[in-house]
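# What the coordinates show
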Amino acid sequence: MAIGTVASRVTGFLRLVMLGAVLGVGDVRQAFDLSNTMPNTLYDLLIGGVLASTLVPVLVQARAKDQDETYVQRLLTFVLLSLTALTALTMIAAPWLVRLYNGTTQTAQLDLTVTWARFFLPQILFYGVSATVGAVLNSRDRFAAPVWAPVLNNVVAIATLVMFVVVSEPRTVTPAGMSTSQKVVLGVGTTLGVVAMTAALLPSLRASGFRWAFRLDLRGMGLRHLGRLAAWTFVYVAATQLALLVLTRLATTVGQFPQYNIAYQVWQLPYAVVAVSVITALLPRMSRHAVQERLDLMRSDLDRGLRLSAMLLIPAALGLVVLAQPVAVALFAHGLTTYTEAEQIGSVLAIFALGLLPFSVYQVQSRAFYALGDTKTPALVQVFVSTAMVLVDVTLSVMLPAHARIYGLAVGLVAANCLGAIVTTTLVRRRFGSSRATGTQIEPGSRRSMTGALTRMALAGLAGAATAAVAAAILAPALPTGWTGAALVVALASVADLVIYWAVLRLLGVDEARAATAPLTRGRRPGDR
């Protein structure tokens, strides 16, 4: 599973870099990004949040009663019928949906977005089937296929971009100048990636012993019960998507949605690798302790997860603050993306980096409430966070000139997630008590507070980032201008950053650093696992 996750992230990153080289960050890229984002947005809003939050527990219950095959047959039939109808409606409504999300007044760009949206909106159906089949596999303790399937999606998407370059003769990448073959290759190929991702799950589903039959006897499958379970999750998703709608319109109005979207995807990478992994391991433990009504152990689990996430994310966040521009130049200053455009992506990424740890803290702490079966609290917090994000985005968009609006939108994201971290920290303390009271232990006898641990990690992170900044300042003038020089700066400065960060962690006696290196400095003791 870990190897599959890394492979998915690496191929996804390669796909992002190739998109920048092939489409740049201009009007065509904005049309592509917006139309390709719409299926995910609408899927999450219409049914994705419901499936993600309720499906696995319901399937586990059905399996415990030996009724899971009948239930899954009905469920897949319901998903196929409902999402086929929803997909057809969205394709008909594509022109109105595009104008809802896209704030531009350029007719050619709007027309291209509508054309691609009609190619991409069928992905809604395949996302739904993929999520349902993935949940069925997880409920049957089959985890490999859902982890590896996105790799196939990325591989097909990369092959599509290569084919797009082949058919792009002459190479005209403007909304009005694109040929029919260019539109069709990107439209069909991108959606085929999602189809392939879904199809890749079916052999594993069959190997699990499941046999699907089309069933229309949907009464009695508990749709009302599913709806009640997912009601607050829908509130959460709706708040998130409404904030995204406002942000998208503000960014597309000034033609800056691609730069924002690219920086956001790079920013999400450390969170996906670190915090999502911690959340995956943490949630089952906290859920078991919630069943046992051991809030002290839940708090201890949460503290461990937060400290581990912070130890890994603080150097990533502070390192990105000082190295974001050479990172963006090294990755994206290729093909149709100019050096200046890559630098702008880097500036946005540097602002985003300030919100990496607050966002991760907010997401990790929200899982404590899900472990208790409380979906209402995270939903209400997200409404608060989304409202704050919209207010900051709109205010700064009015105050800033058009060319600088993207930086205001980045500040809105950071401010909203800082607020989310503060609110969830307050609510966690009220529900579970303070970390000092639980005495979270990484090593025997360690009873240091969360605030103290984070302070020492932050000091180490600042020392590492300062070292990286000095190294970059010394190296940059001596290296060639362009992506090759930027890549060398990032590689060498990052090594210096991590060496100093780890040394200062050890010097300050951070428990997590000692625990991580303990197996390297001493033999295994009896009973160690």
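Now for a quick tour of the structure. On a predicted model such as this, the values are computed, not experimentally measured, just so you know.

## With respect to the side chain of Ser130
Within the element layout of this structure, Ser130 appears in helix α6 (residues 123-139). Note on Ser130: relative accessible area 12%, which makes it buried. In this structure, Ser130 is in contact with Met197, Thr198 and Leu201, ignoring residues within four places of it in sequence.

## Regarding a nonpolar patch on the surface
Taken together, Leu81, Trp212, Phe214 and Leu216 make up a surface patch of nonpolar side chains, about 430 Å² in accessible area. Tracing the sequence through the fold places Leu216 in the loop between α9 (202-207) and α10 (223-253). Exposure remark for Leu216: the relative accessible area of 61% places this residue in the exposed category.

## Overview of helix α7 (residues 144-167)
Taking 1.5 Å per residue as the helical rise, α7 with its 24 residues ought to reach 34 Å, and the 36 Å between its terminal C-alpha atoms agrees with that figure. All of the buried residues along α7 are Ala145, Val147, Ala149, Val151, Asn153, Asn154, Ala157, Ile158, Thr160, Leu161 and Phe164.

## Some remarks on the pattern of salt bridges
According to the stated counting rule, one finds four salt bridges in the structure shown. Its salt-bridge partner being Arg294, residue Asp296 comes within 2.6 Å of it at the nearest N-O pair. Overall, the relative accessible area of 36% leaves Asp296 in the partly exposed class. According to the relative accessible area criterion, Arg294 is partly exposed, its value standing at 35%. Of the charged contacts, one joins Asp303 and Arg299 as a salt bridge, the two residues approaching to 3.0 Å between their closest N and O atoms. Of this pair, Asp303 and Arg299 both sit in helix α12 (residues 295-332), four residues apart, which is roughly one turn of that helix. Note on accessibility: Asp303 and Arg299 belong to one class, buried.

## What to know about the packing of α12 against helix α16 (residues 405-432)
For the pair α12 and α16, interaxial distance at closest approach is 10 Å and the crossing angle is 150°. When the axis of α12 is compared with that of α16, the two are roughly antiparallel. Contacts between α12 and α16 involve Leu295, Met298, Arg299 and Leu302 from the former and Val428, Arg429, Arg431 and Phe432 from the latter. Tallied by class, residues from the contact of α12 with α16 come to five nonpolar, no polar and three charged.

## Quick look at the packing of aromatic side chains
With the rule as written, the count across this model stands at nine aromatic pairs. Each ring, one from Trp267 and one from Phe359, has its centre 5.2 Å from the other, and the planes form 45°; the classification is tilted. Placement of Trp267 in helix α11 (residues 257-291) and of Phe359 in helix α14 (residues 356-371) is noted, with a sequence separation of 92 residues between them. Here Trp267 matches Phe359 in class, with each residue buried. Members of the aromatic cluster, connected to one another through ring pairs, are Tyr260, Tyr264, Trp267, Tyr271, Phe352 and Phe359.

About the criteria used
Residues numbered from 1 in each chain as written. Predicted model: local features only at pLDDT ≥ 70, side-chain atom pairs only at ≥ 80, totals over all residues. Heavy atoms only, no water. Helix = DSSP H or I, 4+ residues; strand = E, 2+ residues; numbered from the N terminus. Buried < 20%, exposed > 50% of the residue type's maximum accessible area, 1.4 Å probe, protein only. Contact = heavy atoms within 4.5 Å. Patch = residues over 30% accessible without salt bridge, like charges linked within 9 Å, V, L, I, M, F, W, Y side chains within 5 Å. Areas by Shrake-Rupley, 256 points an atom, 1.4 Å probe, with all protein chains shown as cover. Salt bridge = Lys/Arg side-chain N within 4 Å of Asp/Glu carboxyl O. Expected span 1.5 Å × (residues − 1). Axes fitted to C-alpha atoms, helices over the stretch in contact; angles between N-to-C directions. Parallel < 35°, antiparallel > 145°, perpendicular 65-115°, else oblique. Nonpolar A, V, L, I, M, F, W, Y, C, P; charged D, E, K, R; others polar. Phe/Tyr/Trp six-rings, centres within 6.5 Å; stacked < 30°, edge-to-face > 60°.

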